[in-house]
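# Breakdown of the fold
Here's the letter readout for the chains.
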Amino acid sequence: MRISRNHPRFRSLETRERLVRAFQAGVVAPQGLIAHGRGEAFDYLFGEITPKSSQAASRVAAALLLSARNPVISINGNTAALIARDIVRLAHSVPAGLEVNLFHKSVARERRIASLLKRNGASRVFGVNANFRSRVPGVASPRRIVDAEGIGDADVVLIPLEDGDRAEALRKAGKMVIAIDLNPMSRTSRAATITIVDNIIRAIPELVRVIMKMKPLSRTRLSAMVANFDNERNLRRVMKDMIRYMQGWA
Ligand code: PTJ
């Protein structure tokens, strides 16, 4: 369906259409449509804007990505469908690796997602070569299978729209985890080193912008930003931002 630009909810409706088309093209899992609905509900509770607390988390996430040895961005169906071009720009700006890693595993969908990323400018995509498989211990889903040269070797992993299980396991495996999740109470949000509570369609362009600005900063300065960040405290700030917005309605 074609959505009129004059519709007051154009952005939200257009995002839904993009997901439906990507589902029909075999990029998004059917469960991805449901997951998006949950995300939308949380976005409403912030007034569909990026709260200040999440902007702060973005700056620290940028510092962590810029100071990492081997940062890797994990890509699932929803992420590829919603923000492929900007996620490739993000990977180039750090630079970071891109790895396809699915909860509802399907080799055909992995290949479609990898070629979508390549059409949007990615030169190399991890996670689609069966020869380089390794395992993250303690993960019950197919997400435990990772690329030995990608997430397997990463010191920092960016996980947009993830399940809590793997976020916790990646931390246990000694990796620093950046989550992007609209639900500040999810296990993923709680388990991550840094959680950006924001819609991925706003969070990724914001991260690219902040990274370009912070690139000249020294390693010492970047490391200090990461060391001074307390994710639990920031999530409490996020909840307060949410409550403040809702009090405006009450
Ligand atoms: O493509 P696959 O097979 O890897 O599957 C992807 C989904 C998203 C279906 C899978 O990872 C999944 O089931 O995720 P969950 O456990 O439903 O968690 C998704 C989280 O992302 C939830 O906390 C949602 O609130 C959140 N979310 C949904 N849409 C967005 C979002 N967060 C940020 N931006 C969004 N647009």
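Refer to the structure printed above.
Residue numbers restart at each chain and count upward from 1, following the sequence in its written direction. Note on the predicted model: pLDDT of at least 70 is required for a residue's local features to be given, and 80 or more for side-chain atom pairs to be given and counted; whole-chain, interface and lining totals, by contrast, use all residues. For the side-chain quantities, the full set of heavy atoms in the structure was used; hydrogens and water were omitted.

### Some details on the pairing of strand β1 (residues 71-75)
Buried residues are those whose accessible area, probed at 1.4 Å on protein chains only, stays under 20% of the maximum for their type, while exposed residues exceed 50% and partly exposed ones sit between those limits. Where helices and strands are cited, they refer to DSSP runs of H or I of at least four residues and of E of at least two residues respectively, numbered from the N terminus. In terms of burial, β1 is largely enclosed, as 5 of its 5 residues are buried. The two faces of β1 match: Pro71, Ile73 and Ile75 on one face and Val72 and Ser74 on the other face are all buried. Each pair of strands is called paired provided DSSP finds at least two bridges between the two strands. Bridge count between β1 and strand β5 (residues 156-160): 3 bridges; the pairing is parallel. Looking at the pairing, Val72 lines up with Val157 of β5. As paired strands, β1 and strand β2 (residues 97-100) are joined by 4 bridges and run parallel to one another.

### A look at the layout of surface pockets
In the cavity and pocket records, a cavity denotes points on a 1 Å grid over the protein atoms alone where a 1.4 Å probe fits but cannot get out, a pocket denotes an open set with protein on both sides within 12 Å along at least 5 of 7 lines, and lining residues are residues with an atom within 4 Å of a point. Grid points are joined across faces, edges and corners, and a volume is the space filled by probe spheres set on the points. Put simply, the largest pocket is a space of about 680 Å³. Looking at the largest pocket, it is lined by 33 residues, and the ones nearest its centre are Ala35, His36, Arg38, Leu161 and Glu162. Those elements giving two or more residues to the lining of the largest pocket turn out to be α2 (30-44), α4 (77-93) and α7 (187-191). For the lining of the largest pocket, the leading source of residues is α2, giving 9 residues. Under the grouping applied here, Gly and all other residues not named as nonpolar or charged are polar, the nonpolar ones being Ala, Val, Leu, Ile, Met, Phe, Trp, Tyr, Cys and Pro and the charged ones Asp, Glu, Lys and Arg. The residue makeup of the lining of the largest pocket, split by class, is 11 nonpolar, 13 polar and 9 charged.

### Section: the pattern of salt bridges
Each reported salt bridge corresponds to a side-chain nitrogen of Lys or Arg within 4 Å of a carboxyl oxygen of Asp or Glu. Inspection of every chain in the model, using the stated rule, returns 15 salt bridges. Notably, a salt bridge pairs Glu48 with Arg9, separated by 2.7 Å at the nearest N-O pair. With Glu48 in the loop between α2 and α3 (52-67) and Arg9 in the segment before α1 (10-24), the pair connects residues that are 39 residues apart, well separated along the chain. Residue Glu48 is classed as partly exposed on the basis of its relative accessible area, which comes to 30%. Residue Arg9 is classed as partly exposed on the basis of its relative accessible area, which comes to 27%. One salt bridge connects Glu232 with Arg236, and the closest N-O pair in it is separated by 4.0 Å. Here Glu232 and its partner Arg236 are both found in helix α10 (residues 231-249), 4 residues apart, which amounts to about one turn of the helix. When its relative accessible area of 45% is taken as the criterion, Arg236 is described as partly exposed. Through salt bridges with shared partners, one network takes in Asp43, Asp198 and Arg202.

### Describing a nonpolar patch on the surface
Patch members must show over 30% relative accessible area and no salt bridge, and they are joined within 9 Å when carrying like charges or within 5 Å when they are nonpolar side chains of Val, Leu, Ile, Met, Phe, Trp or Tyr. Using a 1.4 Å probe, the Shrake-Rupley method yields the accessible areas, and only the shown protein chains count as cover for residues. Taken together, the side chains of Ile243, Tyr245, Met246 and Trp249 make up a nonpolar region of the molecular surface, amounting to roughly 440 Å² of accessible area. Examined against the element boundaries, Met246 turns out to sit in helix α10.

### Details of unusual backbone geometry
At the junction of Val94 and Pro95, the peptide bond is cis and its omega measures out at -5° in the coordinates. With respect to the helices, strands and loops of the structure, Pro95 is situated in the loop between α4 and β2. A positive phi angle, close to 55°, is found at Glu48, a residue other than glycine. Not every positive phi belongs to a glycine, and Leu161 is a case in point at roughly 50°. Accessibility expressed as a relative area gives 29% for Leu161, which makes it partly exposed.

### Structural notes on empty space enclosed by the protein
All told, the structure shown has 1 cavity of 30 Å³ or more when counted by the stated rule. In terms of lining, the largest cavity is formed by Glu99, Val100, Asn101, Leu102, Lys105, Glu110, Gly127, Arg133, Pro142, Ile145, Val146 and Asp147. Among the elements of the structure, β2 and β4 (145-147) are those that each provide at least two residues to the lining of the largest cavity. With 3 residues, β4 is the single largest residue contributor to the lining of the largest cavity.

### Some words on the packing of α3 against α10
Running from N to C, α3 and α10 cross one another at 150°; their axes reach a closest spacing of 8 Å. Taken as axis vectors, α3 and α10 run roughly antiparallel relative to one another. On α10, the residues that touch Lys52, Ser53, Ser54, Ala56 and Ala57 of α3 are Asn234, Arg237, Val238 and Asp241. Taken together, the residues of the contact of α3 with α10 break down into 3 nonpolar, 3 polar and 3 charged. Note on definitions: angles span 0 to 180 degrees between N-to-C directions of axes, and those axes are lines fitted to C-alpha atoms, for helices only across the stretch in contact. The cut-offs work like this: below 35 degrees is roughly parallel, past 145 is roughly antiparallel, 65 to 115 is roughly perpendicular, and the gaps in between are oblique. For this analysis, residues touch if any pair of their heavy atoms sits within 4.5 Å.

### Focus on the sheet that holds strand β7 (residues 194-196)
In sheet architecture, strand pairing relies on hydrogen bonds along the backbone and comes in two forms, parallel and antiparallel. Pairing is parallel across the open sheet formed by 5 strands, whose spatial order is β2-β1-β5-β6-β7. Strand pairing shows two members of the sheet lacking a second neighbour, β2 and β7, which therefore form its edges. The sheet shows a mean angle of 20° between the axes of neighbouring strands, direction not considered.

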